[in-house]
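Per-entry structural report
What follows is the residue order along each chain.
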Amino acid sequence: MQKIDIFDTTLRDGEQSAGINLNTGEKIEIAKQLERLGVTIIEAGFPASSPGDFDAVQRIANTVKGSIVTGLARCVQKDIDVTWEAIKGAAQPHIHVFLATSPIHMEYKLKKSPEQVVEQAVEAVKYAKSRFSLVQWSAEDAFRSDREFLVKIMNEVIAAGATTINVPDTVGYATPAEYGALFKFLLENVKGAEKVKFSAHCHNDLGMATANTIAAIENGALQVEGTINGIGERAGNVALEEVAVALKVRGDFYPYETTINLSEIKRTSQMVSKLTNVVIQPNKAIVGKNAFAHESGIHQDGMLKHPETYEIMSPSLIGEGEVPLVLGKHSGRAAFRDRAEKMGFDLSDERLNKAFDEFKKLADRKKEITEADLITLLTEQQVLIDDVPLFELKSVQVQYGTENIPTATVSAITPQGELKTLASTGSGSVEAIFNTLEQFFDGEINILDYRVSSVGKGRDALGEAVINLRYKDMTTTGRDAAQDVLEASAKAYLNAMNRQLIQASMRAQVTQ
Ligand code: KIV
Ligand code: ZN
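Because the structure is predicted, anything quoted here is derived from the model rather than measured. (Residues numbered from 1 in each chain as written. Chains lettered and ligands numbered in written order. Predicted model: local features only at pLDDT ≥ 70, side-chain atom pairs only at ≥ 80, totals over all residues. Heavy atoms only, no water.)

**Quick word on the site of ligand 1**
For ligand 1, the full set of nearby residues is Arg12, Asp13, His96, Phe98, Ser138, Glu140, Asn166, Pro168, Thr170, His201 and His203. Within the side chain of Arg12, an N or O atom sits 2.9 Å from an oxygen atom of ligand 1. Within the side chain of Thr170, an N or O atom sits 2.6 Å from an oxygen atom of ligand 1. Considering ligand 1 on its own, with 260 Å² of exposed area, one finds that the protein chains cover 95% of that surface. (Near = heavy atom within 4 Å. Polar contact = N/O pair within 3.5 Å; in protein donor to acceptor, adjacent residues only side chain to side chain. Areas by Shrake-Rupley, 256 points an atom, 1.4 Å probe, with all protein chains shown as cover.)

**Focus: the coordination of the zinc ion (ligand 2)**
Those protein atoms acting as donors to the zinc ion (ligand 2) are Asp13 (OD), His201 (NE2) and His203 (NE2), and they sit at 2.0 to 2.1 Å. All donors of the zinc ion (ligand 2) come from a single chain, and their spacing in sequence reads D-x187-H-x1-H. Here Asp13, found in helix α1 (residues 10-14), pairs with His201, found in strand β8 (residues 197-202); they are 188 residues apart in sequence, far enough to count as distant. In terms of burial, Asp13 and His201 fall into one category: buried. (Donors = N, O, S within 2.8 Å, 3.2 Å for Na, K, Ca; no water. Helix = DSSP H or I, 4+ residues; strand = E, 2+ residues; numbered from the N terminus. Buried < 20%, exposed > 50% of the residue type's maximum accessible area, 1.4 Å probe, protein only.)

**Considerations on the packing of helix α13 (residues 333-342) against helix α14 (residues 349-365)**
As a packed pair, α13 and α14 sit with axes 10 Å apart at the nearest point and diverge in direction by 110 degrees. Classed by the angle they form, the pair α13 and α14 counts as roughly perpendicular. Along its contact with α13, which presents Arg333, Phe336, Arg337 and Ala340, the element α14 presents Asp349, Leu352, Asn353, Ala355, Phe356, Asp357 and Phe359. Considering only residue class, the contact of α13 with α14 consists of six nonpolar, one polar and four charged. (Axes fitted to C-alpha atoms, helices over the stretch in contact; angles between N-to-C directions. Parallel < 35°, antiparallel > 145°, perpendicular 65-115°, else oblique. Contact = heavy atoms within 4.5 Å. Nonpolar A, V, L, I, M, F, W, Y, C, P; charged D, E, K, R; others polar.)

**Re the side chain of Glu464**
Along the chain, Glu464 turns up in strand β15 (residues 462-471). Among the polar contacts made by the side chain of Glu464, one reaches the side chain of Lys274 at a distance of 2.9 Å. Each residue touching Glu464, except ones within four places of it in the same chain, is listed here: Lys274, Thr376, Arg451, Val452, Ser453, Val455, Arg479, Asp480 and Ala481.

**Considerations on helix α11 (residues 265-276)**
Counted at 1.5 Å a residue, the expected span for α11 with its twelve residues is 16 Å, and the 16 Å between its end C-alpha atoms agrees. Of all twelve residues that make up α11, eleven are buried, and the element is covered over most of its length. Residues Ile265, Lys266, Arg267, Thr268, Ser269, Met271, Val272, Ser273, Lys274, Leu275 and Thr276 constitute the buried set of α11. Looking one or two residues past α11, Asn277 carries a phi angle of roughly 60 degrees, positive in sign. (Expected span 1.5 Å × (residues − 1).)

As far as function goes, none of this settles anything; it's purely spatial.
See the structure below:
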């Protein structure tokens, strides 16, 4: 079996996509879960792009030891220096430098001749190699580049010290046959190809990312890059869970293996979806909520007679299924902490205690506490900076009747420690709550998106609210859950505003 390295870029290419805005705490949680999932390399961010990205990459490099941690850099000295500062604490410092090689990118974006591009790539790789033992070089838009030019530049960057050569289909234009053929051609023609690892990086604009990635593997790629749930710019990157499971389930056909711990897939997928607020389409392969659901009578009948009639893999393969209920209303704090740690949460004592209090309240009201409920309670406690004073909701009350004007009264503790109670009306209960909460702040707050959904099944399921809002020049997304959707909505609103305080505090630290 040939080993294929899995390079996860959920925190870089994935995070780069529209509407996703993870804070450092959330990025660290995802990185730790990726480590448990068994990915070979975690691309933790683009350190030179912002102080926030630098901080996240540095903290992940210093925390994660079971996977290699890398950061993206342009082929410029400053980016490489900044990336070194962020990554130098990692067990195996790795950098990912990239430069575009297609005619359209070189002429219009870079405004450089092919010769200048070769020179810049070689200089950057040499410079990176003077610090990092592992240097990955990417030919951005490789698929639309001239093949002979790719051979020329790859010959040179390998000679300059690159250890991995990435061949991205940046705009998702390739077909499987073409992308596979490109790898075959490069592996046969690039000097020193046998000394380095060739890597595939596919975008999904035409829905062919998984097929393209597997075609690359069949033609010699030893590393594949992608994201969890396929998140990423435009139509996203290849979904790594699809590649890993396809190689496993079709092991009769594909002689390749990865180090992915498949039973961590469902949990990783849910965590990424929850923290990024990117909903997984129900029929998404492997991780969609219907991926293992059988609806039609004929299918159900077949399944009852023999599961393999309609099931090519069991949901337990990816860690899905009935999670034994290990916690109930009589469970103690130690058991709760143990379960949280097993689920991959690493919270301070204070936050763990808060989650435990919420769990106790919930256990009093809800028959069954599911793993999804626990994930919701625990993720609510993941806040990036412990020392920024935040708003805390104390109570919310709404008077609603079809014949009268909805009125909300909200009490909250302000960051200054003062208990304030305010009231306002609205055309509906939610608007009344939002109008009231707005009064806690100075200026207008625009609601850009607001969604409510249930966590799991049943009439006593938790209600989860997600709200995306804009205040002054900042957009943030807040999320929270409660047994009542109105309470969840109020908490999600304050969560979004607390994220504004956290970001403002980070900005202030950077400008000091
Ligand atoms: O799609 C792409 O080309 C990239 C590069 C930065 C590797 O993400
Ligand atoms: Zn990409």
